[in-house]
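A look at the structure
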Amino acid sequence: LFLLGGSRYYGYFKNDFFKDGFGKNVNMSGNTYIGEFKDGLNEGYGTLTTQTGRIYSGEWKKDKLEGYCQIKWPDGQTYEGEFREGTFSGIGILKCNNGDVYKGEMQKGVITGIGTMDYTDGRLYQGEFKACIRGDYGIMKWGESQQVFEGEWKDSKLKFGLYTWPSGHQYF
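Residues numbered from 1 in each chain as written. Predicted model: local features only at pLDDT ≥ 70, side-chain atom pairs only at ≥ 80, totals over all residues. Heavy atoms only, no water.

On a plain count of helices and strands, the protein chain comes out with zero helices and 15 strands. Expected size for 172 residues packed as a compact globule is a radius of gyration near 16 Å; at 22 Å, the protein chain overshoots this value by more than 25%. Based on the C-alpha atoms only, the size of the protein chain along its principal axes is roughly 75 × 25 × 20 Å. In the protein chain, 2% of the contacts between residues at least 6 apart in sequence involve partners at least 24 apart. Total accessible area computed for the protein chain in this model is approximately 10600 Å², and 53% of it derives from carbon and sulfur atoms. Charge centroids of the protein chain, computed over 21 positive and 22 negative side chains, lie 3 Å from each other. (Helix = DSSP H or I, 4+ residues; strand = E, 2+ residues; numbered from the N terminus. Rg over C-alpha atoms; globule rule 2.2 N^0.38 Å. Contact = heavy atoms within 4.5 Å. Areas by Shrake-Rupley, 256 points an atom, 1.4 Å probe, with all protein chains shown as cover. Lys, Arg positive; Asp, Glu negative; His and termini not counted. Charge placed at Lys NZ, Arg CZ, Asp CG, Glu CD.)

Laid out in structure tokens, this is it:
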């Protein structure tokens, strides 16, 4: 069935007007949503595939992702975790297309809060992030060298703290 605005919808209706129940909607941009509808909106479990290849799966509430959901980008990056009002907010796992993996808190789609970043070069940072930048207190461990820095960070740079070498020697 063709709808106003050029969308195509296949599924159930409520009162012969509102998309309601399970269905498939393809909008004019080529984005496809397959899942549950309520009163004409994406509501319940469903998957949205954009014309650019991005895939959003999970629980929907009033056309926005809400609760536990997943995003897959065409370049291989993925996010799995909590969503609030359509953006990843809460606890989740972000796997970057370069291989880095972040596990921790997100706010409005941005790495912010307590988390762990496991870098592909062997470094591991555990601590606080502000807008994707290491900040305040954290611990950085360098893979093969076994060096450890524990202390304060500012703008992802070491500020003040305890640096420990594999030999056990420490430096403030």
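The structure having been displayed, the exposition proceeds.
Another aspect to go through is a nonpolar patch on the surface. Residues Tyr-12, Phe-22 and Ile-34 make up a contiguous nonpolar surface patch of about 350 Å² in total accessible area. Its location among the elements puts Ile-34 in strand 3 (residues 32–38). (Patch = residues over 30% accessible without salt bridge, like charges linked within 9 Å, V, L, I, M, F, W, Y side chains within 5 Å. Salt bridge = Lys/Arg side-chain N within 4 Å of Asp/Glu carboxyl O.)

A few words now on the pairing of strand 6 (residues 64–72). Relative to strand 6, strand 5 (residues 55–61) is paired through six bridges, and the arrangement is antiparallel. When the sheet's bridge partners are listed, Gly-58 is paired in strand 6 with Cys-69. The hairpin turn running from strand 5 into strand 6, its antiparallel successor, is two residues long, and Lys-62 in that turn takes a positive phi close to 50°. As paired elements, strand 6 and strand 7 (residues 78–84) share six bridges and run antiparallel to each other. Following the sheet pairing, Gln-70 is matched in strand 7 by Glu-80. (Pairing = 2+ DSSP bridges.)

This brings us to the packing of aromatic side chains. Tallied over the full model, the rule gives 15 aromatic pairs. Between the aromatic rings of Tyr-79 and Phe-83, the centroid separation amounts to 5.5 Å while the plane-to-plane angle is 70°, which identifies the pairing as edge-to-face. Residue classification places Tyr-79 among the buried positions, given a relative accessible area of 1%. The class for Phe-83 is buried, based on a relative accessible area of 2%. Judged by centre distance (4.3 Å) and plane angle (25°), the rings of Tyr-79 and Phe-88 are stacked. (Phe/Tyr/Trp six-rings, centres within 6.5 Å; stacked < 30°, edge-to-face > 60°. Buried < 20%, exposed > 50% of the residue type's maximum accessible area, 1.4 Å probe, protein only.)

The next thing to look at is unusual backbone geometry. Note: most residues except glycine have negative phi, and most peptide bonds are trans. One non-glycine residue, Glu-85, adopts positive backbone phi at about 50°. Its place among the elements puts Glu-85 in the loop between strand 7 and strand 8 (87–95).

Take the nonpolar core next. Of all hydrophobic cores here, the largest spans 25 residues; its most connected members are Tyr-79, Phe-83, Phe-88, Tyr-102 and Ile-111. Tallying contributions element by element places strand 6 first for this core, with three residues. With near-sequence residues (within four places) excluded, Tyr-102 lies in contact with Gly-92, Ile-93, Leu-94, Ile-111, Gly-113, Ile-114, Gly-115, Thr-116, Met-117 and Phe-129. (Core = buried A, V, L, I, M, F, W, Y, C linked by side-chain atoms within 4.5 Å.)

Okay, the state of the cysteines next. In a disulfide, the sulfur atoms of two cysteines are held together by a covalent bond. Per the counting criterion, the structure on display carries zero disulfides. We note that Cys-96 lacks a disulfide partner, and the nearest cysteine sulfur, in Cys-132, lies 8.8 Å from it. Its relative accessible area of 47% is what places Cys-132 among the partly exposed residues. (Disulfide = S-S within 2.5 Å.)

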